[in-house]
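Residue-level listing of the chains:
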Amino acid sequence: MTTSPDRAPLTRDFFDRCVLEVAPDLLGRTLVRHSAGGTIELRLTEVEAYAGEVDPGSHAYRGRTPRNSVMFGPPGHTYVYFTYGMWHCLNLVCGPEGRASGVLLRAGAIDVGVGLARERRVSARSDDELAKGPARLATALDIDRELNGSDLFDGPAPALSVLHGTPPPHDLVRSGPRTGVGGDGAHQPWRFWIDGDPTVSPYRAHAPRHRASRRTT
């Protein structure tokens, strides 16, 4: 049986490139999640690039740690981190091995497995909101730290894989500052999205979190 071009899996070489090439090229690709609960397929509509040790916004900016070690490669693996004590976020590692970089998957449209995603995202008001934002995407796909470091090319049915899908026309690809990134990393236009897609999350500038001061009497 011949596989249609859009159902062909991406190769590891696709990810073995500069993160600023990989990130916009992931738009329109199909992310496949196999789990005990079933299969979900998601068309990627929004991503962000993080360039490791040259990027103040990256977890790897200050070098390798136990937490970020998977970002240093090899490409084609997943980097999953836990944030704010409640949410997971999914990244795909890219670039040459030894040089940390990755693409945060921010949003997508679920084409297969909508019912399963609804069970996991009961607060979603519409199907467009099921994976609208990185924490929502991870929740809908049942992503947690157990998948950190998993290989997209691990056998015929890996937990996560990426198919060729249907990339959007170039004139629909937009870029701008990354959401919630502060400091010296705030202004790089390394967030990429498909213009007009209803699943793209709203942009939010970085808002510093201030610890409440103690009052004395």
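Residues numbered from 1 in each chain as written. Predicted model: local features only at pLDDT ≥ 70, side-chain atom pairs only at ≥ 80, totals over all residues. Heavy atoms only, no water.

**Student:** Can you explain the nonpolar core? Please cite residues and give values.
**Tutor:** Grouped together as the largest cluster of nonpolar side chains are 39 residues, with contacts concentrated most on Phe15, Leu26, Val103 and Leu105. If one sorts the elements of this core by residue count, strand 2 (residues 38–50) sits on top with 5 residues. With residues near it in sequence (within four places) discarded, Phe15 still touches Leu10, Val22, Leu26, Pro75, Gly76, Leu92, Val93, Cys94, Gly95, Leu152, Phe153 and Val162. Counting residues in hydrophobic clusters, the runner-up holds 12 residues, among them Ala60, Val70, Met71 and Phe72. (Core = buried A, V, L, I, M, F, W, Y, C linked by side-chain atoms within 4.5 Å. Buried < 20%, exposed > 50% of the residue type's maximum accessible area, 1.4 Å probe, protein only. Helix = DSSP H or I, 4+ residues; strand = E, 2+ residues; numbered from the N terminus. Contact = heavy atoms within 4.5 Å.)

**Student:** Account for the pattern of salt bridges, with residues named and values stated.
**Tutor:** In this structure the tally under the stated criterion is 13 salt bridges. A salt bridge links Arg29 to Asp25; its shortest N-O distance comes to 2.7 Å. When its relative accessible area of 23% is taken as the criterion, Asp25 is described as partly exposed. A salt bridge links Asp55 to Arg178; its shortest N-O distance comes to 2.7 Å. Taken together, the residues Asp55 in the loop between strand 2 and strand 3 (78–83) and Arg178 in the loop between strand 7 (173–176) and strand 8 (191–194) connect sequence positions 123 residues apart. Residue classification places Arg178 among the buried residues on the basis of a relative accessible area of 1%. Here the salt bridges do not stand alone but share partners, grouping Glu46, Glu48, Arg106 and Arg191 into one network. (Salt bridge = Lys/Arg side-chain N within 4 Å of Asp/Glu carboxyl O.)

**Student:** So what's going on with the side chain of Thr30? Which residues, and what values?
**Tutor:** In this fold, Thr30 is placed in strand 1 (residues 30–35). Residue classification places Thr30 among the buried residues on the basis of a relative accessible area of 11%. Those residues in contact with Thr30 that sit more than four places away from it in its chain are Glu41, Leu42, Ser161, Val162, Leu163 and Gly165.

**Student:** With reference to specific residues and values, describe the confidence of the model for the protein.
**Tutor:** Averaged over all residues, the pLDDT of the protein equals 93, while 94% of them reach at least 70. Across residues 211–217, confidence stays below pLDDT 50; counting only partners more than four residues off in sequence or on other chains, it has 0 contacts. (pLDDT = per-residue confidence, 0-100.)

**Student:** Quick rundown of unusual backbone geometry? Include the residues and the values.
**Tutor:** Trans peptide bonds make up the majority, and among non-glycine residues the majority have a negative phi. The peptide bond linking Gly73 to Pro74 adopts the cis configuration, its omega dihedral lying at 5°. Looking at the element boundaries, Pro74 is found in the loop between strand 2 and strand 3. One non-glycine residue with positive phi stands out, namely Asp142, at about 60°. Along the polypeptide, Asp142 turns up in the loop between helix 4 (134–140) and strand 6 (160–163). Since its relative accessible area comes to 37%, Asp142 is described here as partly exposed.

**Student:** Would you mind going over a nonpolar patch on the surface in detail, with residue names and values included?
**Tutor:** Taken together, the side chains of Tyr84, Met86 and Trp87 present a nonpolar region at the surface, about 370 Å² in accessible area. Inspection of the secondary structure puts Trp87 in strand 4 (residues 87–93). Residue Trp87 is classed as partly exposed on the basis of its relative accessible area, which comes to 37%. (Patch = residues over 30% accessible without salt bridge, like charges linked within 9 Å, V, L, I, M, F, W, Y side chains within 5 Å. Areas by Shrake-Rupley, 256 points an atom, 1.4 Å probe, with all protein chains shown as cover.)

**Student:** Which residues make up the environment of Phe14, and what values go with them?
**Tutor:** With respect to the secondary-structure elements, Phe14 resides in helix 1 (residues 12–15). For the pair Phe14 and Gly76, spaced 62 residues apart in the sequence, the C-alpha separation amounts to 8.4 Å. In this structure Phe14 touches Val22, Asp25, Leu26 and Arg29, once residues within four positions along its chain are discounted.

**Student:** Before we move on, could you go through the environment of Pro158 and cite the residues and values that matter?
**Tutor:** Position of Pro158 relative to the elements: it lies in the loop between helix 4 and strand 6. Accessibility expressed as a relative area gives 7% for Pro158, which makes it buried. Residues within four places of Pro158 in sequence aside, it is in contact with His34, Asp151 and Leu152.

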